[in-house]
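If you want the building blocks of each chain, they are given just below.
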Amino acid sequence: MISLDILHLSKRYKDILAINDISFSINKGDFYAFLGPNGAGKSTTIKIIAKLLSDYEGSVTLDNNSNDDFIRSKIGVVFQDNVLDGLLTVKENLLYRGALYIKDKKKLIERYEELKEYLHFADFENQKFKTLSGGQKRRVEIARALFSNPELLILDEPTTGLDPETRRFVWECINDLKINKGLTILLTTHYMEEASNCDVVTIINKGQIIVTGTPSELKHKYSFDRIKIVPFEENELEKALKELGLSFKKVVDEYIIVVNSTQETITVIKQLELLIKQFEVIKGNMDDVFLNVIGEIND
Amino acid sequence: MTDLIALTKRNIKVFLRDKMGVFFSFLSVIIMLFLYFAFLGKTYSASFSEYVSDKNLINFLSLSQMMGGVLVINTLSLAVGVSGTLVNDQNNNALDSLLVTPIKRYKITLAYYLSVLFITYVLTVLMWLITVLYVGFTTTYWYSFSLIIIIVLVLLLFTIISTAIMVFLATIIKSSAAFGALASIIGTVIGFMSGIYMPLVVLGQGTKYVASCVPFTHMTIFLKGLMLKEPLSYVPFLSGEALKEVRDYLGINNIGFLGLNVPLWALLIGCCLLAFGLGIASVYIMKRKLNK
């Protein structure tokens, strides 16, 4: 396992400062999520870490080693788009890419066989890549990224545009890599619920890190639980809410009340229990965190 | 070395599996062969019949003069077709997936060169050998073994020059669509400009000046000259002014450079130097691209 340290990273594209002096560390075995709106600087940061960009300020070190070849030999990258060759078979694609990491032909084949078993693509290994389904393609792309047996796996929006079943498969795979293989994982995603599975979440906007924390820390600070109530009598509930000083939003026949804590939720339910026909408590989620954090900055 | 070979093989397969891409790489050659068998061949045959009565010899002359041009066109249209892999890789991020691996940057560039060189050379030599057999069986005239070998070597030099020029173009053109369009037409354009479709003698002086700036013109003159040496030696009583006239018509007389009387060997050395310069420029451009 390996740790990544980013120190005072800045990257400028002519007049645009894409990354503005960011620093963060990913501990060995951590599952680290990098969130941000489009143009926030996520992809630029990922490209710098993956050694696709070299003209930047600051430092990127893996286990205190900043050598490009060392870093490249220790990372695997799953890109947002499929990058394998459509006209080559799965096997050809992976063996040609694998040969860029493993020089010995016997070891190369052994690694290919391991990945074939692990990611279950034996059934379509001789099929041309372009004929595969979206899910099968993703599986092969993950195999490509894992060929070097990386210690840091970078996932750049790996589930964007995938159907729910394929997303579930990708996530099972990611979780297995983290738990059973102990990989350090850096993820960028647009799906906030995916970020809530991570150990640490960083939100970046306009090239700067805005917040960092565990999902529960961020949810505690930036999201709110809500109670949805369907009353027996709307007028009576509205009157009671005003008397309690609770603000609410009405959506069709539901009243939505924002609460700050679990204790407050219990108190409100108890106070209104005779007026409630149905109720539901909705926990604050990473969507709230993202919208509140980015909203605060934009305000 | 394993990584370089793997990447070169990958580039070769990516090109060869694209049937339409391969077809369009041969488009200029197909156009040329169509024009020849439709009417150019008859025109040439009619002209040769002034000097020669043997129909087989007439065909030997016509085919040799045409195939000299076709082989040159082949080196450039195939080279541009295979170079398209480089442009596509840049556009669909496949290049990024290579750059995140530990392979040395120069090997990525070298693999593109080697794949272009390999496919272009193998297929061009194959075309030359088919030509030898076709000419031999249809005319009963056979090229000498030494000429066959000399042309195999000359084609290697021409492939290197074409590869250097086309890979250079691939490094400066960013769009796949633009490069695809270039690949489809470049053979035809060069075919006209370099006197491959029709002899430069029938075109104006201005065109001749422009043609003299294109390396493929001199390459064609040289190759046609080699291929026609043996057929012309069989033509009786051809010497002096008549021979010069025939050589002009066949497009194998040196046209110099911009009206200056420069020997053909010097012009060919110039082509090699240009190829070397463009090769260096491509490596420099690729290095900049790969180290953004």
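The following paragraphs examine the structure supplied in this document. (Residues numbered from 1 in each chain as written. Chains lettered and ligands numbered in written order. Predicted model: local features only at pLDDT ≥ 70, side-chain atom pairs only at ≥ 80, totals over all residues. Heavy atoms only, no water.)

1. Some points on the overall build of chain B
1) Next: Counting secondary structure elements, chain B contains 12 helices and 0 strands.
2) Next: Starting at the N terminus and ending at the C terminus, chain B contains elements arranged as α-α-α-α-α-α-α-α-α-α-α-α.
3) Next: Scaling as 2.2 N^0.38, a compact globule of 292 residues should have a C-alpha radius of gyration of about 19 Å, and chain B matches this with 20 Å.
4) Next: Taken along its principal axes, the extent of the C-alpha atoms in chain B is 65 × 40 × 30 Å.
5) Next: Separation between the mean location of the 20 positive side-chain charges and that of the 10 negative ones in chain B comes to 14 Å. (Helix = DSSP H or I, 4+ residues; strand = E, 2+ residues; numbered from the N terminus. Rg over C-alpha atoms; globule rule 2.2 N^0.38 Å. Lys, Arg positive; Asp, Glu negative; His and termini not counted. Charge placed at Lys NZ, Arg CZ, Asp CG, Glu CD.)

2. Structural notes on the interface of chain A and chain B
1) Next: On the side of chain B, 25 residues touch chain A, which itself brings 28 residues to the contact.
2) Next: Between chain A and chain B, roughly 2400 Å² of surface is buried when both sides are summed, and carbon and sulfur atoms account for 58% of that area.
3) Next: Contact with chain B buries area across many residues of chain A, yet L52, Y96 and L100 of chain A alone supply 27% of it, more than any other trio.
4) Next: The interface formed by chain A and chain B holds 5 salt bridges in total.
5) Next: Between D69 of chain A and K104 of chain B there is a salt bridge whose closest N-O contact spans 2.8 Å.
6) Next: Run the count over chain A and chain B and you get 9 residue pairs in polar contact (both at pLDDT 80 or more).
7) Next: For the side of chain A that touches chain B, the secondary structure elements donating two or more residues are α2 (68-74) and α3 (90-98) of chain A.
8) Next: In terms of residue class, the side of chain A that touches chain B is made up of 12 nonpolar, 4 polar and 12 charged. (Contact = heavy atoms within 4.5 Å. Buried area = accessible area lost by both parts, 1.4 Å probe. Salt bridge = Lys/Arg side-chain N within 4 Å of Asp/Glu carboxyl O. Polar contact = N/O pair within 3.5 Å; in protein donor to acceptor, adjacent residues only side chain to side chain. Nonpolar A, V, L, I, M, F, W, Y, C, P; charged D, E, K, R; others polar.)

3. Some words on the layout of surface pockets
Residues and elements named next belong to chain B.
1) Next: Each pocket or cavity is described by its volume, and for the largest pocket that value is around 500 Å³.
2) Next: What lines the largest pocket is a set of 28 residues, among which V14, D18, G84, T85 and N88 lie closest to the centre.
3) Next: Elements with a minimum of two residues in the lining of the largest pocket: α1 (2-17), α2 (19-25), α4 (55-91) and α8 (176-193).
4) Next: Top contributing element to the lining of the largest pocket by residue count: α4, with 6 residues.
5) Next: A per-class count over the lining of the largest pocket returns 12 nonpolar, 12 polar and 4 charged.
6) Next: Of the voids in this model, the second largest pocket is the one considered here, and its volume is about 420 Å³. (1 Å grid on protein atoms, 1.4 Å probe; cavity = no way out; pocket = protein on both sides within 12 Å on 5 of 7 lines; lining within 4 Å. Points joined across faces, edges and corners; volume = space filled by probe spheres on them.)

4. Section: the nonpolar core
1) Next: By size, the foremost hydrophobic cluster in this structure holds 127 residues, and its most contacted members are I154 and L186 of chain A together with W128, Y143, M166, F216 and L223 of chain B.
2) Next: When sequence neighbours within four positions are dropped, the list of residues in contact with L186 of chain A reads I26, Y32, F34, I46, I49, L152, L153, I154 and L155 of chain A.
3) Next: The next biggest cluster of nonpolar side chains, apart from the first, holds 54 residues, and it includes F31, Y101, I102 and L115 of chain A. (Core = buried A, V, L, I, M, F, W, Y, C linked by side-chain atoms within 4.5 Å. Buried < 20%, exposed > 50% of the residue type's maximum accessible area, 1.4 Å probe, protein only.)

5. Notes on the pattern of salt bridges
Residues and elements named next belong to chain A.
1) Next: Per the counting criterion, the structure on display carries 21 salt bridges over all chains.
2) Next: E114 is the salt-bridge partner of R111, the closest N and O atoms lying 2.8 Å from each other. Here R111 and its partner E114 are both found in helix α4 (residues 105-119), 3 residues apart, which amounts to about one turn of the helix.
3) Next: Relative accessible area serves as the criterion here: at 44%, E114 is assigned to the partly exposed category.

None of this, on its own, says anything about what the molecule does.
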